[in-house]
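Secondary and tertiary structure notes
Given next are the chains, with one letter for each unit.
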Amino acid sequence: MNENIPRSPLSDLQAAWADGLKEEVRRSAIAFVTIWLLFFAACAFVPSLRTALADMMFSTLRGMNLSDAEGRISVLALFLNNLEAVAFIMLYGLLPFIQLPALALGVNAMMLGVMAAWYAAEGISPLAYLAALLPHGVLELPALFLAFGTGLYICGQLTRRCRKDQSARSVWACMSLASQVLLSVLVPLLLVAAFVEAYVTPAVAALFL
């Protein structure tokens, strides 16, 4: 890939997609689901681990202040929280060699696995778990996978740069790509997902609880 970045943001994103971003997104999705299942299994068979991780997770969620005193989710707070999360996931990729986006991937996948094990331990139907996740998850999860993949792709590009590979993207080109992904794809996905999570997911989940 040469350093001449296409003028159109979408053409730049398409070029990155063909250059390896697609593969990073695919690997991120596979790794996410694998870690999700591993933590579900581990927490299902080790109650003390499930209790410790669930307590930590619920404490973290309460500290985010995403809902009001009556438990109603704030669309704006949820959107901004998720937007900040995906932005940082991609920015982590600016540190070459370390692959910090993989750590964020593991933490998010762990949380879903712990939640699934907690639902099962409480005797709550698996359908309730899916109902509490899928309405907004069909938008939020692809956004996460794209953010993880972009962060890892950027990390790979800058690692190659550090190794004197001039065909890899520069820091500026990587930041430009992250901005394009954020504005053209992630913002619309997360905005719709926030509305769905605030208004649709609770109604759907209530049918199974």
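In case you missed it, the structure is sitting above this.
What this report covers is the structure whose coordinates are included nearby. (Residues numbered from 1 in each chain as written. Predicted model: local features only at pLDDT ≥ 70, side-chain atom pairs only at ≥ 80, totals over all residues. Heavy atoms only, no water.)

1. Description of the packing of aromatic side chains
Describing an aromatic ring pair means giving the distance of the ring centres and the angle of the ring planes. Basically, it comes down to this: Think of it this way: a Phe, Tyr or Trp ring, Trp meaning its six-membered ring, pairs with another when their centres are within 6.5 Å, and the plane angle makes it stacked under 30 degrees, edge-to-face over 60, tilted otherwise. Strands here mean DSSP runs of E at least two residues long; helices mean DSSP runs of H or I at least four residues long; both are numbered from the N terminus. Each residue's exposure class comes from its accessible area (1.4 Å probe, protein chains only) as a fraction of the maximum for that residue type: buried when under 20%, exposed when over 50%, partly exposed otherwise.
Inspection of the entire model under this criterion finds nine aromatic pairs. Both rings, one in W36 and one in Y129, keep their centres 6.5 Å apart while their planes meet at 65°; by these two values the pair is edge-to-face. Taken as a pair, W36 in helix 1 (residues 9–45) and Y129 in helix 5 (residues 126–162) lie far apart in primary sequence, 93 residues in all. By relative accessible area, W36 is classed as buried at 16%. Centre to centre, the rings of F88 and Y92 are 6.3 Å apart; their planes meet at 45°, and the pair counts as tilted. One end of the pair is F88 and the other is Y92, both in helix 3 (residues 75–92) and four residues apart, which spans about a single turn. What links up through ring pairs into an aromatic cluster is the set F32, W36, F58, W118, Y119, Y129, F145 and F148.

2. Brief notes about a nonpolar patch on the surface
Rule in force here: What goes into a patch is any residue over 30% in relative accessible area without a salt bridge, connected to like charges within 9 Å or, for nonpolar side chains (Val, Leu, Ile, Met, Phe, Trp, Tyr), within 5 Å. All accessible areas in this document rest on Shrake-Rupley with a 1.4 Å probe, and a residue is counted as covered only by the protein chains that are shown. The salt bridge definition used is simple: a Lys or Arg side-chain nitrogen within 4 Å of an Asp or Glu carboxyl oxygen.
Taken together, L127, L130, L134, V138, L207 and F208 make up a surface patch of nonpolar side chains, about 580 Å² in accessible area. Tracing the sequence through the fold places L127 in helix 5.

3. Notes on the pattern of salt bridges
As enumerated under the stated definition, the model contains four salt bridges in all. Between R26 and E23 there is a salt bridge whose closest N-O contact spans 2.5 Å. You can see R26 and its partner E23 sitting in helix 1, three residues apart, about one turn around the helix. Between E24 and R27 there is a salt bridge, with the nearest N and O atoms lying 3.6 Å from each other. Linking E24 with R27, this pair stays in helix 1, spanning three residues, or about one helical turn. Under the relative-accessibility criterion, E24 is labelled buried at 15%.

4. Side note on the packing of helix 2 (residues 47–63) against helix 4 (residues 101–121)
For any two helices packed against each other, the geometry comes down to the angle between their axes and how far apart the axes lie. Put simply, the test is: Orientation is described by axes fitted as lines to C-alpha atoms, over the contacting stretch for helices, and by angles from 0 to 180 degrees between their N-to-C directions. Any angle that falls under 35 degrees is termed roughly parallel, while one over 145 is termed roughly antiparallel, one within 65 to 115 roughly perpendicular, and all others oblique. Note: crossing handedness is left-handed where the near helix turns anticlockwise from the far helix by less than a right angle, and right-handed where it turns clockwise. Contacts between residues were defined by any pair of non-hydrogen atoms, one from each residue, lying within 4.5 Å. Polar here means any residue outside two lists: the nonpolar Ala, Val, Leu, Ile, Met, Phe, Trp, Tyr, Cys and Pro, and the charged Asp, Glu, Lys and Arg; Gly therefore counts as polar.
At a minimum axis separation of 10 Å, helix 2 and helix 4 run at an interaxial angle of 115°. With respect to helix 4, the axis of helix 2 lies roughly perpendicular. For the element pair helix 2 and helix 4, the recorded crossing hand is left-handed. On helix 4, the residues that touch R50, L53, A54, M56, M57, F58 and L61 of helix 2 are M110, M111, V114, M115, A117, W118 and A121. For the contact of helix 2 with helix 4, the class distribution of residues is 13 nonpolar, no polar and one charged.

By themselves, these figures tell us nothing about what the structure is for.
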